[in-house]
Amino acid sequence: IIASGLFRKLPIPYTIILVIIGMAITSLSHVWQPLEPLQHFHLTPDLVLFIFLPALIFESGLNLNSRQLIKDIVPVLMLAVPALLFSTAAVGLGIWLVLPVELHVALLFGALISATDPVAVISLFKELGTPERLTVLVEGESLLNDATAIVVVTILLGISTLTGSFTEIAIDAVTDFVLVFFGGAFAGMVFGFIISWLMSRFAQDTSAVLILSLVLAYMSFVIAEHSLHVSGVMAVVACAITLGIFGVARLPQETVETMHETWEFIAHICNTLLFLFIGMLVDIDSLIDNIGIILFAVLLVQASRASMVYSLVPLAEKSFKLPHVTLGERHIMFWGGLKGGLAVAIV
């Protein structure tokens with residue numbers, strides 16, 4: 001909170017400031033005895049995937065204009081699925097050709113680094129009053145390609161254990177992707193309908209509505225991942241959107257406002273802790289030693305994203321006769337493709 005207030009006027013995203021603060025805390029722990037235990041801190045994937053990620057994704061999905069997303073679902077899906085798959089291949093092959101790493105490792109990096117997490121961009125959109133459609137395109141892509149990235153990484157990890165011809169492995173991979181991705185979406189819709197119905201029964205009880213929304217966010221992720229073996233992220237996205245369309249409309253306006261404010265607070269806390277922890281894990285010496293490789297990877301990722309944003313979006317417009325996305329809006333979509341906590345969680 002103090003950092004948010006002190007650095008509000010700086011032209012630097014809040015999340016970057018948090019990373020810098022985290023790095024400073026780690027450096028301070030080497031010279032100040034009370035902070036020494038922080039040197040042994042580890043950010044576990046379970047903490048990110050089961051605590052931070054469901055909350056961040058649910059809040060984004062709940063605040064998204066669901067009806068506008070449905071209108072723009074084609075360009076969003078084009079960027080979330082084909083574009084991410086292309087980026088995975090392009091970045092992975094580029095890394096494999098230049099660096100001494102195995103192909104499957106390079107492709108894993110391509111998959112995890114291609115998902116977008118434009119938290120700072122969306123916050124800036126809200127402050128500037130950016131058109132709703134542009135916000136939906138950027139945030140909708142981020143929500144869906146998070147799920148795509150996790151599914152692709154899981155499949156790539158599993159491919160190394162498969163035996164058979166390339167054709168058989170490719171068919172199995174495509175089948176798994178469709179089942180896991182759309183299976184998660186279907187499961188999330190079912191959960192969303194059930195909780196929306198329950199909320200309508202407790203519409204006048206704000207506390208009950210808040211608890212049900214909390215249960216929905218985490219229950220959908222855990223059940224989808226561990227019981228149904230489909231995409232937990234996609235389940236959270238689908239249930240949040242379903243709740244936004246069918247559940248929120250049946251609730252009193254005061255309850256809806258309280259629920260949105262509560263989830264914004266939860267997401268803010270999770271986002272703050274996540275990027276602070278990321279900063280604490282940064283090894284500055286290793287960062288400096290590998291700066292050349294890092295810059296090469298950054299350029300590769302940006303080039304891959306540019307090629308997709310400037311080609312697939314116009315293609316989707318012409319193929320499906322959609323409203324025009326201006327060149328300026330495509331520039332923002334390109335530069336808004338930031339990376340965030342999902343990549344760290346997958347690593």
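Keep in mind that this is a model prediction, so the values were computed, not measured.

Rules and cut-offs
Residues numbered from 1 in each chain as written. Predicted model: local features only at pLDDT ≥ 70, side-chain atom pairs only at ≥ 80, totals over all residues. Heavy atoms only, no water. Helix = DSSP H or I, 4+ residues; strand = E, 2+ residues; numbered from the N terminus. Expected span 1.5 Å × (residues − 1). Buried < 20%, exposed > 50% of the residue type's maximum accessible area, 1.4 Å probe, protein only. Contact = heavy atoms within 4.5 Å. 1 Å grid on protein atoms, 1.4 Å probe; cavity = no way out; pocket = protein on both sides within 12 Å on 5 of 7 lines; lining within 4 Å. Points joined across faces, edges and corners; volume = space filled by probe spheres on them. Nonpolar A, V, L, I, M, F, W, Y, C, P; charged D, E, K, R; others polar. Lys, Arg positive; Asp, Glu negative; His and termini not counted. Salt bridge = Lys/Arg side-chain N within 4 Å of Asp/Glu carboxyl O. Patch = residues over 30% accessible without salt bridge, like charges linked within 9 Å, V, L, I, M, F, W, Y side chains within 5 Å. Areas by Shrake-Rupley, 256 points an atom, 1.4 Å probe, with all protein chains shown as cover. Charge placed at Lys NZ, Arg CZ, Asp CG, Glu CD. Axes fitted to C-alpha atoms, helices over the stretch in contact; angles between N-to-C directions. Left-handed = near helix turned anticlockwise from the far one by under 90°.

Chemist: It is not clear to me how helix α7 (residues 103–114) should be interpreted in this structure. Could you clarify?
Modeler: Three or four residues apart is the spacing at which side chains of an α-helix point the same way, because the helix has 3.6 residues per turn. Between its first and last C-alpha, α7 extends 16 Å over 12 residues, near the 16 Å set by a 1.5 Å rise per residue. For α7, the full list of buried residues reads Ala106, Leu107, Leu108, Gly110, Ala111, Leu112, Ile113 and Ser114. On its buried side, α7 packs onto α6 (82–98), α9 (132–159), α15 (291–320) and α17 (341–346).

Chemist: What exactly am I supposed to notice about unusual backbone geometry here?
Modeler: The phi angle of most residues is negative, glycine excepted, and most peptide bonds adopt the trans form. Despite not being glycine, His229 has its phi angle at roughly 55 degrees, a positive value. Assignment of secondary structure puts His229 in the loop between α11 (206–227) and α12 (232–247).

Chemist: Would you mind showing me how to read empty space enclosed by the protein here?
Modeler: With a probe scaled to a water molecule rolled over the atoms, the places where space remains empty come into view. Going through the model one piece at a time under the given rule, you end up with 1 cavity of 30 Å³ or more. Taken as a whole, the largest cavity encloses approximately 120 Å³ of empty space. Every residue along the wall of the largest cavity is listed here: Leu79, Ala83, Leu84, Ser87, Ser114, Glu141, Asn145, Val301, Arg305, Met308, Val309 and Lys339. Elements supplying a minimum of two residues to the lining of the largest cavity: α6, α9 and α15. Here the element with the most residues in the lining of the largest cavity is α15; it accounts for 4 residues. Residues that form the lining of the largest cavity fall into these classes: 6 nonpolar, 3 polar and 3 charged.

Chemist: I'm lost on the environment of Leu108 in this one. Help?
Modeler: For Leu108, the location among the structural elements is in helix α7. With relative accessibility at 15%, the residue Leu108 sits in the buried group. Distance from Leu108 to Ala90, taken between C-alpha atoms, is 12 Å for residues 18 residues apart in sequence. If near-sequence neighbours (up to four positions away) are discounted, Leu108 is found in contact with Val153, Leu156 and Leu157.

Chemist: Hey, could you run me through the side chain of Asp146 in this one?
Modeler: Considering the arrangement of structural elements, one finds Asp146 in helix α9. One buried charged residue, Asp146, remains without a salt bridge, the closest side chain of opposite sign being Lys339 at 9.0 Å. Setting aside chain neighbours within four positions, we find Asp146 in contact with Ile57, Ala115, Thr116, Val233 and Leu342.

Chemist: Any chance you could explain a negative patch on the surface here in plain terms?
Modeler: Taken together, the side chains of Glu254, Glu257, Glu261 and Glu264 make up a negatively charged region of the molecular surface. When you line up the elements, Glu264 lands in helix α13 (residues 253–281). Accessibility expressed as a relative area gives 39% for Glu264, which makes it partly exposed.

Chemist: Quick question: what am I supposed to make of the environment of Val309 here?
Modeler: Summarising the element assignment, Val309 is placed in helix α15. On the basis of relative accessibility, which here comes to 0%, the residue Val309 falls in the buried class. In this structure Val309 touches Leu79, Pro314, Arg330, Met333 and Phe334, once residues within four positions along its chain are discounted.

Chemist: How do you make sense of the packing of helix α5 (residues 73–80) against α15 when you look at a structure like this?
Modeler: Each pair of packed helices can be described by the angle between their axes along with the distance between the axes. As a packed pair, α5 and α15 sit with axes 9 Å apart at the nearest point and diverge in direction by 145 degrees. In this structure, α5 crosses over α15, and the sense of that crossing is right-handed. Residue-level inspection shows Val74, Pro75, Met78 and Leu79 of α5 in contact with α15, the latter providing Met308, Val309, Leu312, Val313, Leu315, Ala316 and Phe320. A per-class count over the contact of α5 with α15 returns 11 nonpolar, no polar and no charged.

Chemist: Help me understand the layout of surface pockets, please; the structure alone is not making it clear to me.
Modeler: Within this model, the largest pocket holds a volume of roughly 1,600 Å³. In terms of lining residues, the largest pocket is bounded by 37 residues, among which Ile113, Ile278, Leu287, Ile294 and Val344 are the most central. For the lining of the largest pocket, the secondary-structure elements that each account for two or more residues are α2 (14–29), α7, α8 (119–128), α13, α14 (284–289), α15 and α17. Looking at the lining of the largest pocket, its residues break down into 29 nonpolar, 5 polar and 3 charged.

Chemist: What's the story with the pattern of salt bridges in this structure? I'm lost.
Modeler: Taken as a whole and assessed by the stated rule, the structure comprises 2 salt bridges. A salt bridge links Asp72 to Arg133, with the shortest nitrogen-to-oxygen separation between them at 3.0 Å. Of this pair, Asp72 sits in the loop between α4 (66–71) and α5 while Arg133 is found in helix α9, placing the two residues 61 residues apart along the sequence. Classification of Arg133 as buried rests on a relative accessible area of 16%. Note that Arg305 and Glu141 form a salt bridge whose closest N and O atoms lie 2.8 Å from each other. Remark: Glu141 occurs in helix α9 and Arg305 occurs in helix α15; sequence separation between them is 164 residues. Of the two residues, Arg305 and Glu141, neither departs from the other in class, the shared state being buried.

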